[in-house]
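Descriptive structure summary
Now for the letters of each chain:
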Amino acid sequence: MALVATAGLIAAGLMATGITGCADMSGIQPQSSLREASSLGLQTSSAPAVQEVMPVAAEWWRDFGDEQLNGLVALALQSNPSLKLAQARLARAQAVTEVADAAKLPQINGGIDLTRQKYTANGAVPAPLAGSIRESGTVQLSGSWELDFFGKYSAALESALGSVRAAQADTEAARVLLASNVARSYFQVARLNEQLQVAQRTLAQRQETLGLVKDRVNAGLDTQLELRQSEGGLPEARLQIESLQEQLTLARNALGALVGKPNEALDLSPPALSAIKKIASVESIPADLLGRRADIVAARWRVEAASNDVVNAKTQFYPNINLVAFAGFSSIGLSRLLDAGSQQWGVGPALRLPIFDAGRLRANLRGKTSDLDTAVESYNAAVIDAVRDVADQVASSQAIRRQQIEQRAAQAAAEGAYDIAVQRYKAGLGNYLYVLTAETSVLNQRRQAVDLAARALDTQVGLVRALGGGYTSGAPAAAFDTPEKIAAGQGSAGVGSHFSSNSGAGGR
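Here's what I pulled together on the structure shown here.

Analysis parameters
Residues numbered from 1 in each chain as written. Predicted model: local features only at pLDDT ≥ 70, side-chain atom pairs only at ≥ 80, totals over all residues. Heavy atoms only, no water. Salt bridge = Lys/Arg side-chain N within 4 Å of Asp/Glu carboxyl O. Helix = DSSP H or I, 4+ residues; strand = E, 2+ residues; numbered from the N terminus. Buried < 20%, exposed > 50% of the residue type's maximum accessible area, 1.4 Å probe, protein only. Pairing = 2+ DSSP bridges. Expected span 1.5 Å × (residues − 1). Core = buried A, V, L, I, M, F, W, Y, C linked by side-chain atoms within 4.5 Å. Contact = heavy atoms within 4.5 Å.

**Topic: the pattern of salt bridges**
Evaluation of the coordinates by the stated rule reveals 13 salt bridges. One salt bridge connects Arg 62 with Glu 59, and the closest N-O pair in it is separated by 2.7 Å. The salt bridge partner of Glu 415 is Arg 446, with a shortest N-O separation of 3.1 Å. Remark: Arg 446 occurs in helix α9 (residues 432-466) and Glu 415 occurs in helix α8 (residues 360-426); sequence separation between them is 31 residues. By relative accessible area, Arg 446 is classed as buried at 5%. Look at the salt bridges and you will find they share partners, linking Arg 293, Asp 295, Asp 389 and Arg 465 into a network.

**Digging into the pairing of strand β1 (residues 107-118)**
Along a regular strand, successive side chains alternate from one face of the sheet to the other. A small share of β1 lies buried, amounting to zero of its twelve residues. As defined by bridge partners, β1 adjoins strand β2 (residues 133-147) across twelve bridges and the pair is classed as antiparallel. Bridging across to β2, Gly 110 finds its partner in Leu 141.

**Describing helix α4 (residues 152-218)**
For α4, which comprises 67 residues, the first-to-last C-alpha distance of 97 Å matches the rise-based estimate of 99 Å (1.5 Å per residue) to within 8%. Within two residues after α4, Gly 220 carries a phi angle of roughly 80 degrees, on the positive side.

**Brief notes about the nonpolar core**
The biggest cluster of nonpolar side chains holds 86 residues, and the ones touching the most others in it are Trp 60, Phe 64, Leu 69, Val 182, Phe 187 and Tyr 379. Contributing elements (two or more residues each) for this core: α2 (67-79), α4, α5 (224-258), α6 (289-292), α7 (294-315), β3 (320-332), α8 and α9. Those residues in contact with Val 182 that lie beyond four places of it in its chain are Leu 69, Leu 72, Val 73, Ala 76, Leu 255 and Leu 258. Core analysis: the next-biggest nonpolar cluster, separate from the first, contains seven residues, Ala 169, Ala 298, Trp 301 and Tyr 471 among them.

Here is the structure:
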């Protein structure tokens, strides 16, 4: 304890007198800064005009009310390799944290050395050893403890903890993305299935029309021109059916790959798009968006980790203070190795101060500072993209609702015009060209109705994902220090705070 106290006084004296070797860290500062919510058009939570947006449920896909979808998402979350990869990265980050934590504690090693040696007769070896062959042995325990007065290992631990939290958020982001991709692929299968039904209905309608045309040709009311026009519609309808069946098979395969069964035909009965429940939507961007998205939280934790890497790089300009001790037995002649007279031990402090390193420490600090700037700009890019993503999904959701209203009116008009054209053709008051024109309009409206219904569901899934997909951050914004504070040594992982409290932020 006296040695520890002495080492502490030495460290305090070095800090007080500013003795940090000849290495100089001045002039190396981060250049990037984090974007604030207000600069992105997001109101703060304390603003009176902020509209509260209900958080997304963790299992938001259940709100669609489709048990097949629920089962597919559960299967994907259980077996998808992408999610398992994210979990493996998390496990690796946790292992790095344990390594960083272990560096703060004393290290103890044991060793046994047994040697048979001939000693030189012409060197600085006294008799009777000179020229003789003897056995020697050493059995020893050695220990060392680098006292973390300047926070080097605490900063390394904080950096590792930041990486773990980033990996945890990345795992949640992968989970949200996987669930949303399964839902979107499922709705794509439902869309193609309904488009196939429209195409099959079109084929049946054209076959019925062909029978009518044949009857009129046999009665001398129409010519071969109308007959050929009607017959040409059948191969076109069959071609459309074949194309849709191919797309439907590919969509099923894609869905199978997401749930971990790429080579198995999924036993699905796609529901009608109209039977799927609509989930609640939002009309504006929530003020707490930055804390709802796992990818943004992961990027923020990477900034925190990079900030502590800068702190760690700065602490390397300061002295290393170690306590070293050993105890054991050593003798020439193995028969006396464990005798009381063979005992040896030692203990004492060791101080190492960087004086000249040819610029290695400054280069390392510049590199870590550049890594911090990279992490900050990556965070800014993620934030900007997230705000754009939500804005796009909100705009699309509102536009699709307006489009569906107009489309339903257009389809009703097209269906009515088609019925009138067929009735006039049957009565001999119109030619077949009018029927074809009206039919084309009807088919376009039916396809558009299916596409809009599918787009509405897809946009709902996209909006849920953009709003975080039910992710809840484990740390409020106040838990983060700004990179500028940390780099200046004023944050929870700064040099000054580590010197005053050696516990660091590991328990934060």
